[in-house]
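Analysis of the macromolecular model
Below are the chains, spelled out letter by letter.
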Amino acid sequence: MSRFLRFRASVRLSRNGLLLTLAATALFAAAAHGQFAPPNPGTQVHDTAALRPPAGAKVAIVEFEDLECPDCAHANPLLKEATGKYKIPWVRHDFPLPFHNWSFNAAVNARWFDLKSKALGDEYRDAVFANQTEIVSPEVLHDFTDKFAQSRGIATIWVVTASSKGAPFVEVLDRSKLYQLIDQAISDTRSH
């Protein structure tokens, strides 16, 4: 038998096998209606703590996302739409992959915005995904993040002290007052 005929026979068998697999899957799905199946055999889940809905919720979407991942960016609008439609929580876990050169920095930035408010952190993540193709380096991410923060009236500069009579940290909201804030911090940390 020629290679071409063997290939065609293989494709025909593969198609028939695929149809049988799809039919069996449909039958199994109908029999298992209303039940969740365990994870695929290839999915290792050693600690299920992160795979639970938040307190008070019966159902949630849990996502482990890398802000530089094109597939995560593609899924983001669908997940946002689904959580809005079903009014269920969306738990987002930062999962930066080591081979993405700016994803870790983006995750740190998102966590910082989370400290301001969870909604702001999620807004930042959504904005990063929406602009992901333009963010091509850590430097571009830095500029993007500064613009995001400034457009929302959020400072990204702080004057901090190790020990002080005054506040241990001050947010620099007006950059023209940076020197004044540093002078005050130095004064507050002087020993008497």
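Treat the numbers as computed from the prediction; the structure is a model and nothing was measured. (Residues numbered from 1 in each chain as written. Predicted model: local features only at pLDDT ≥ 70, side-chain atom pairs only at ≥ 80, totals over all residues. Heavy atoms only, no water.)

Structurally, Asn-76 is set in helix H2 (residues 70-86). Of note is the side chain of Asn-76, whose polar atom sits 2.8 Å from the side chain of Arg-92. (Helix = DSSP H or I, 4+ residues; strand = E, 2+ residues; numbered from the N terminus. Polar contact = N/O pair within 3.5 Å; in protein donor to acceptor, adjacent residues only side chain to side chain.)

Turning next to the confidence of the model for the protein. Of all residues in the protein, 78% have pLDDT values of 70 or greater, and the mean over the chain is 81. Contacts from residues 1-34, a stretch scored under 50 in pLDDT, to residues over four places away or in other chains number one contact. (pLDDT = per-residue confidence, 0-100. Contact = heavy atoms within 4.5 Å.)

Any two side chains of opposite charge can pair, on the condition that their charged atoms come close. Enumeration according to the criterion identifies 13 salt bridges in this entry. We note a salt bridge from Arg-92 to Glu-65, for which the minimum N-O separation is 3.3 Å. Remark: Glu-65 occurs in strand E1 (residues 61-65) and Arg-92 occurs in strand E2 (residues 90-94); sequence separation between them is 27 residues. Relative accessible area serves as the criterion here: at 1%, Glu-65 is assigned to the buried category. When the shortest N-O distance is used, the salt bridge between Arg-125 and Asp-122 registers 3.6 Å. Here Arg-125 pairs with Asp-122, and both are found in helix H4 (residues 118-130), just three residues apart, close to one helical turn. Taken individually, Arg-125 and Asp-122 each receive the classification buried, so the pair is uniform in this respect. One salt-bridge network, in which partners are shared between bridges, spans Glu-65, Lys-80, Arg-92, Asp-94, Arg-111, Asp-114, Lys-118, Asp-122, Arg-125 and Asp-126. (Salt bridge = Lys/Arg side-chain N within 4 Å of Asp/Glu carboxyl O. Buried < 20%, exposed > 50% of the residue type's maximum accessible area, 1.4 Å probe, protein only.)

Quick look at H2 now. Across its 17 residues, H2 extends 25 Å between first and last C-alpha, which sits within 8% of the 24 Å expected from 1.5 Å per residue. Looking at H2, one finds that the buried residues are Cys-72, Ala-73, Asn-76, Leu-79 and Thr-83. Buried residues along H2 sit against E1, E2 and H4. Positive phi shows up at Lys-87, right after H2, with a value of about 55 degrees. (Expected span 1.5 Å × (residues − 1).)

Before going further, it helps to spend a moment on the packing of aromatic side chains. A complete count under the given rule lists seven aromatic pairs for this structure. On the numbers, 5.2 Å between centres and 75 degrees between planes, the contact of Trp-112 with Phe-113 is edge-to-face. Accessibility expressed as a relative area gives 25% for Trp-112, which makes it partly exposed. An aromatic cluster of at least three residues, connected via ring pairs, comprises Trp-112, Phe-113, Tyr-124, Phe-144 and Phe-148. Here Arg-92 stacks its cationic end above the ring of Trp-90, 3.9 Å away from the centre of that ring. A cation over a ring is seen here: Arg-152 above Phe-148, with NZ or CZ 3.7 Å from the ring centre. (Phe/Tyr/Trp six-rings, centres within 6.5 Å; stacked < 30°, edge-to-face > 60°. Lys NZ or Arg CZ within 6 Å of the ring centre and 35° of its normal.)

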